[in-house]
Amino acid sequence: METSIFQYSFIIKGLLGAIFASITAGLAGTYVVSKRMVFLSGGITHASFGGIGIGYFLGINPVFGAAVFGILSALGVEYLSVKQKIREDSAIGILWAFGMAIGIIFIYLTPGYTPNLMSYLFGSILTVSNADIIALGTMSVILILYFGIFYRTILYISFDEVFARTYSSYVDIFKYITTSLIALTIVLNIRMAGVVLVISLLTIPPNIAMLFTRVYFKIVVWSILSGFIGTATGYVISYYAGIPVGATIIFTLVIIWVAVKGTIQLIGVISKMNNSSHFRHSKL
Amino acid sequence: MAYLFEMKSLSASYGENIVLHDVNFTVNENDFIGVIGPNGGGKTTLLRVILGLLKPAKGNLVFNSELLDGNRIGYLPQISTGDINYPVTVRDIILSGLMIRKGVISRMSVIDKTKADNVIEELGLWGMSKSTLNELSGGQMQRVFLGRAIIGNPKLLLLDEPGNFVDTTFENDFYEKLKDLNSRMAILMVSHDVGTISSHIKSFACVNRSLHYHPSHEITNEDLQAYGCPIQVIAHGVIPHTVLKIHR
């Protein structure tokens with residue numbers, strides 16, 4: 001009896017986790033991939049590990065520490081690149097390692113055992129709490145509202161910032177808000193996929209989507225769908241095979257990407273062959 | 001003739017570095033002015049000041065309130081500003097030219113979309129409204145950005161080095177199109193290619209820290225010398241003393 005209740009809540013948690021992870025990662029990921037911010041996002045992710053370490057050290061929720069670190073590093077890089085005081089990729093590279101260093105130092109300094117440390121690095125659905133699911137759900141609503149209401153403003157600023165500045169004085173504000181929301185999305189998804197793997201949760205689904213469409217809005221929809229299929233499938237496989245969930249999800253997503261790309265190319269080759277044989281026939 | 005804007009002893013600078021000094025410049029309805037000058041002489045800065053991207057350090061810029069409420073300016077930047085691999089359609093790019101009159105919470109109405117389709121047809125981009133930029137040629141991209149600049153039917157059109165788009169087959173069509181647009185809007189065109197533009201424009205503005213207005217579309221090397229505006233006109237040239245009108 002107890003096992004079945006446990007299993008039931010485990011499945012619900014997994015399902016909700018998969019839905020919310022794909023919605024948040026799909027919306028944030030499409031922005032990140034379109035705007036070529038993958039490296040920045042990787043930097044934010046790893047910098048947030050500093051917050052996880054400090055969280056452990058102070059005995060507060062490491063996700064909270066990660067959120068603070070994630071947002072501050074995102075805003076820091078945006079600010080530095082706006083002011084052009086330092087090359088953006090260098091700034092990200094420094095932040096990336098610096099955050100990890102802070103995390104490692106503080107975890108080392110934390111007396112006693114640091115519970116669930118591995119889950120922050122590699123992700124684990126077992127340690128995902130109800131509060132984490134609620135946070136991801138709230139984030140999904142916030143992102144849907146934000147991108148829904150300000151769709152064109154966000155799209156146009158990210159496509160051509162210079163031109164956007166000619167008609168809007170809100171360009172920087174929107175950049176800061178969007179980047180902060182992406183940092184938060186990344187941090188909340190760390191619980192699912194881990195610091196090391198979370199960036200792929202954002203980047204693989206839009207790349208699957210872009211095999212079908214080049215329209216921003218449709219990329220979002222396809223990303224969420226393919227993200228959900230990958231996350232849910234990976235979750236089920238990891239449960240039955242007893243292997244880590246984050247890694248399984250990423251593995252599944254990459255397999256989907258390869259399979260779809262392969263199929264599309266195969267169809268292309270076949271239709272080419274058909275066409276050329278038609279052509280030969282018609283010549284005869 | 002009604003003026004669109006007037007610059008009075010205007011100076012502009014980036015920090016300590018004064019780029020424009022004591023500029024007096026008036027642009028009227030239906031002007032077609034070629035803005036020329038050496039690299040770093042302040043041509044793009046002049047556009048930035050008109051667009052409100054850079055506040056004048058000294059002096060002022062007065063817009064005619066009836067014709068130009070500070071919003072009715074179309075702008076064609078150099079191609080490099082937008083990412084051509086960005087997943088955004090031609091129609092959506094052209095629609096972004098209407099954002100000027102919309103708030104941050106923007107929905108495009110059926111009327112707006114019809115306007116975009118009209119511009120697409122007018123510029124010969126029919127059938128490409130759902131394409132993305134990386135599927136287009138250089139000349140087609142240029143027309144998309146021109147579409148974005150004119151969809152709001154501005155009173156003033158600013159063009160920054162439109163000749164940079166390498167597509168010679170479209171070049172003549174492009175200048176024909178500008179001539180057509182000039183009947184409903186004033187045009188200010190930045191270019192380093194004096195020879196090419198002289199046959200299309202009505203007058204010159206030579207910018208090299210200061211600005212000298214030359215009220216004719218023919219300009220000689222002596223004029224340019226006198227304006228302190230050295231540019232490579234000779235590159236086109238027969239011999240010094242060339243009047244550019246001769247060779248196109």
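Quick note: structure is the one above.
Residues numbered from 1 in each chain as written. Chains lettered and ligands numbered in written order. Predicted model: local features only at pLDDT ≥ 70, side-chain atom pairs only at ≥ 80, totals over all residues.

Draft legend 1. The sheet that holds strand β5 (residues 73-76) of chain B, seen in detail. Residues and elements named next belong to chain B. If you walk across this open sheet you meet the six strands as β5-β6-β7-β3-β8-β9, and the pairing is mixed. Across the chains shown, the open sheet's two edge strands, defined by having one partner strand only, are β5 and β9 (210-214). The mean inter-strand angle of the sheet, taken between neighbouring strand axes irrespective of direction, is 15 degrees. Of the strand pairs in this sheet, strand β3 (residues 32-36) and strand β8 (residues 203-208) are connected by four bridges, and their pairing is parallel. Note that in β8 the partner of V35 across the bridge is A205. Its contacts with the sheet put helix α1 (residues 43-51) on β3, β5, β6 (156-160), β7 (186-190) and β8, and the angle it makes with β6 is roughly 145 degrees. Packing against the sheet, helix α4 (residues 138-150) makes contact with β5 and β6, and its axis sits at approximately 165 degrees to β5. (Pairing = 2+ DSSP bridges. Helix = DSSP H or I, 4+ residues; strand = E, 2+ residues; numbered from the N terminus. Axes fitted to C-alpha atoms, helices over the stretch in contact; angles between N-to-C directions. Contact = placed C-beta atoms within 7 Å.)

Draft legend 2. View of the interface of chain A and chain B. Contacts between the two partners involve 21 residues from chain A, matched on the other side by 18 residues from chain B. For the side of chain A that touches chain B, the secondary structure elements donating two or more residues are α7 (151-159), α8 (161-167) and α11 (216-241) of chain A. A class-by-class count of the residues in the side of chain A that touches chain B yields 13 nonpolar, four polar and four charged. (Nonpolar A, V, L, I, M, F, W, Y, C, P; charged D, E, K, R; others polar.)

Draft legend 3. Looking closely at unusual backbone geometry. The phi dihedral of R36 of chain A falls on the positive side, at around 55 degrees, and the residue is not glycine. Following the sequence through the fold, R36 of chain A ends up in the loop between α1 (2-34) and α2 (38-58). Of note, R209 of chain B is a non-glycine position whose phi angle comes to about 70 degrees, a positive value. Mapped onto the secondary structure, R209 of chain B falls in the loop between β8 and β9. You can call R209 of chain B partly exposed: it has 19 C-beta atoms within 10 Å. (Buried ≥ 20, exposed ≤ 12 C-beta atoms within 10 Å, placed from the backbone.)

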